[in-house]
Amino acid sequence: MHVVCLSSADCRLLCARYAEHGNSIRRMIDALREAGASDAAARMAALRRVEREFDLDLAEICHRHAHRHDHGGSAMERLVVDFVAEERINGDDVQLWVMPGRVRQIRELMDGKLVGDLES
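Rules used in this analysis
- Throughout, a residue's number is its position along its own chain's written sequence, starting from 1.
- Given that this is a predicted model, residues contribute local features only at a pLDDT of at least 70 and side-chain atom pairs are listed and counted only at 80 or more, while totals for whole chains, interfaces and linings are drawn from all residues.
- Side-chain numbers here rest on the full set of heavy atoms in the structure, without hydrogens or water.
- Per the convention used, a helix needs a DSSP run of H or I reaching at least four residues, while a strand needs a run of E reaching at least two, with both numbered from the N terminus.
- Only heavy atoms matter for contacts: two residues are in contact if any of them lie within 4.5 Å across the pair.
- Method for areas: the Shrake-Rupley scheme with a 1.4 Å probe, in which residue coverage is limited to the protein chains shown.
- Only four residue types enter the tally: Lys and Arg on the positive side, Asp and Glu on the negative side, with His and both chain ends excluded.
- Note that the charge is assigned to NZ on lysines, CZ on arginines, CG on aspartates and CD on glutamates.
- Nine residue types can take part in a nonpolar core, namely buried Ala, Val, Leu, Ile, Met, Phe, Trp, Tyr and Cys, and a core is a set of them joined through side-chain atoms within 4.5 Å.
- Relative accessibility thresholds used throughout: buried, under 20% of the residue-type maximum; exposed, over 50%; partly exposed, between the two (1.4 Å probe, protein chains only).
- The salt bridge definition used is simple: a Lys or Arg side-chain nitrogen within 4 Å of an Asp or Glu carboxyl oxygen.
- Strands qualify as paired when DSSP identifies two bridges or more between them.
- Any pair of N or O atoms that falls within 3.5 Å is considered a polar contact. Within protein, one atom must be able to donate a hydrogen and the other to accept it, and sequence-neighbouring residues count only if both atoms are side-chain atoms.

Moving on, we get to the overall build of the chain. Helix and strand counts for the chain come out as six helices and three strands. Its helices and strands in sequence order give the chain the pattern β-α-α-α-α-α-β-β-α, from N to C terminus. With the principal axes as the frame, the chain shows a C-alpha extent of 50 × 35 × 30 Å. Here the analysis covers contacts within the chain between residues at least 6 apart in sequence; of these, 51% occur between residues at least 24 apart. As displayed, the chain offers around 7,900 Å² of accessible surface, 51% of which is attributable to carbon and sulfur atoms. Computed over 17 positive and 21 negative side-chain charges, the separation of the two mean positions in the chain equals 3 Å.

Written out as structure tokens, the structure reads:
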């Protein structure tokens, strides 16, 4: 089982990309470079490579996880978000562990397939 482990700083960057830049990696990196935050821009580029590797939208997952208890959110959405991502404490940092396999299972359900189908 693969796990994508995100630091709290990673989650803040990804949430900002989703909420402030329309989830656009290019706009986010441009804004970071313009602000002189070249380390953060490099980190964002690295996170994008992870997204491509595992076919994930980490910004949306982080944003939904951060707002899962806000008013107006459904119990089903909270359940799904908690299924694909969970918080873990590591010293002073709270990490978000995202499970790509579980994201795939949710996609299969959304596509009308049964989880665990042997169809290819």
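On we go from here.
Membership of the largest hydrophobic core comes to 26 residues, with the highest contact counts inside it found for Leu6, Leu14, Met44 and Val98. Of all the secondary-structure elements, those providing two or more residues to this core are β1 (4-6), α1 (8-20), α2 (25-34), α3 (38-54), α4 (58-66), β3 (93-98) and α6 (100-110). At five residues, α1 tops the list of elements feeding residues into this core. In contact with methionine 44, not counting residues within four places along its chain, are Leu13, Leu14, Arg17, Ile25, Met28, Ile29 and Leu32.

Bringing the side chain of aspartate 10 into the picture now. Among the secondary structure elements, aspartate 10 is positioned in helix α1. You can call aspartate 10 buried: its relative accessible area is 4%. Those residues in contact with aspartate 10, other than ones at most four positions away along the chain, are Cys5, Arg43 and Leu47.

One pass over the structure, following the stated rule, counts nine salt bridges. Here arginine 48 and glutamate 51 are joined by a salt bridge, their closest N and O atoms 3.2 Å apart. Of this pair, arginine 48 and glutamate 51 both sit in helix α3, three residues apart, which is roughly one turn of the helix. On the basis of relative accessible area, glutamate 51 is assigned to the buried category, the value being 1%. The salt bridge involving arginine 64 is made with glutamate 77; its shortest N-O contact spans 2.6 Å. You can see arginine 64 sitting in helix α4 and its partner glutamate 77 sitting in helix α5 (residues 75-84), a full 13 residues away along the chain. A relative accessible area of 31% places arginine 64 in the partly exposed class. Taking relative accessible area as the criterion, glutamate 77 reaches 32% and is therefore assigned partly exposed. One continuous salt-bridge network, built from bridges that share partners, spans Arg17, Arg48, Glu51 and Asp57.

What follows deals with the pairing of β3. As defined by bridge partners, β1 adjoins β3 across three bridges and the pair is classed as antiparallel. Bridged to valine 4 within β3 is valine 98. The antiparallel hairpin formed by strand β2 (residues 85-90) and β3 contains two residues in its connecting segment, where glycine 91 sits at a positive phi of about 65°.

Looking at the secondary structure, you find arginine 68 in the loop between α4 and α5. Arginine 68 gets classed as buried once you look at its relative accessible area, which sits at 17%. Among the polar contacts made by the side chain of arginine 68, one reaches the main-chain carbonyl oxygen of histidine 65 at a distance of 2.6 Å. Once residues lying within four places of it in the same chain are set aside, the contact partners of arginine 68 are Arg78, Val81, Asp82 and Glu87.

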